[in-house]
Amino acid sequence: MTARTKPSAPQTSPRVWQRMLSGRRLDLLDPSPLDVEIADIAHGLARVARWNGQTSGAHIFSVAQHTLLVEAVMREQTPRVDVRVRLAALLHDAPEYVIGDMISPFKAVLGGDYKAVERRLLAAIHIRFGLPPVLGPEVVRQIKEADKGAAFLEATELAGFAEAEARRLFGRDPDLPPAVRQDYLTPWSAAKAEKRFLARFKAVAASS
């Protein structure tokens, strides 16, 4: 007499979506622009720490504050830059409201899978706000230059890098006006970062 075998447990697919505070369910593998809300992006980015939280100050230096710094650097470097490029700069790290901010060395370890998810999310975010799914190379270059300038400032002012090391890794100091520099490099509370990100996004989007 053969032993009775237990029925196998039903196979369930792993969950690949995240529920947002807005009620949207964003699928990480096949994100829909219809499930992207700027309020969710602002809320999430204001609570994600740059530099793995290894920064000085009473608050984390959030990705939301970083994106505002990038846009400020861009305006300083290219005063007449197209407003849609400024909008793209504000959204350049938007996928991190879902996947968090991984430092560049860890991204290099993970390789292509992480970048593929990031690209799909960014394409959906771009479509949701009227930008091309994939930006042109010149726009990507402009954003990257401003991003490196912001990283130089964050590295030297908040993350303990020596200026020589920061120049080697990120390039030159973007030389922001002192008042702007002090404002954007003083870490804000999550509530303030969320509010200022939303306000700036709405102002730029309205003029695009």
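One can find the structure itself at the top, above this paragraph.
Residues numbered from 1 in each chain as written. Predicted model: local features only at pLDDT ≥ 70, side-chain atom pairs only at ≥ 80, totals over all residues. Heavy atoms only, no water.

Time to look at the pattern of salt bridges. One pass over the structure, following the stated rule, counts 15 salt bridges. Between Glu37 and Arg128 there is a salt bridge whose closest N-O contact spans 3.9 Å. Taken together, the positions of Glu37 in the loop between strand E2 (25-27) and helix H1 (38-45) and Arg128 in helix H6 (residues 112-128) put the pair 91 residues apart, joining distant regions of the chain. Exposure remark for Arg128: the relative accessible area of 34% places this residue in the partly exposed category. For Glu194, the salt bridge is made with Arg47, and the minimal N-O distance between the two is 2.9 Å. A residue pair is termed long-range when its members are at least 10 positions apart, and Glu194 in helix H10 (residues 190-206) and Arg47 in the loop between H1 and helix H2 (63-77) qualify at 147 residues. Among the residues examined, Glu194 registers a relative accessible area of 18% and is labelled buried. (Salt bridge = Lys/Arg side-chain N within 4 Å of Asp/Glu carboxyl O. Helix = DSSP H or I, 4+ residues; strand = E, 2+ residues; numbered from the N terminus. Buried < 20%, exposed > 50% of the residue type's maximum accessible area, 1.4 Å probe, protein only.)

With that out of the way, let us pick up the environment of Leu198. Checked against the element boundaries, Leu198 lands in helix H10. Taking the relative accessible area as the measure of exposure, Leu198 reaches 16% and is therefore buried. Along the backbone, Leu198 and His43 are 155 residues apart, and their C-alpha atoms lie at a distance of 9.0 Å. Beyond its immediate chain neighbours, meaning those up to four positions away, Leu198 contacts Ile38, Ala39 and Ala42. (Contact = heavy atoms within 4.5 Å.)

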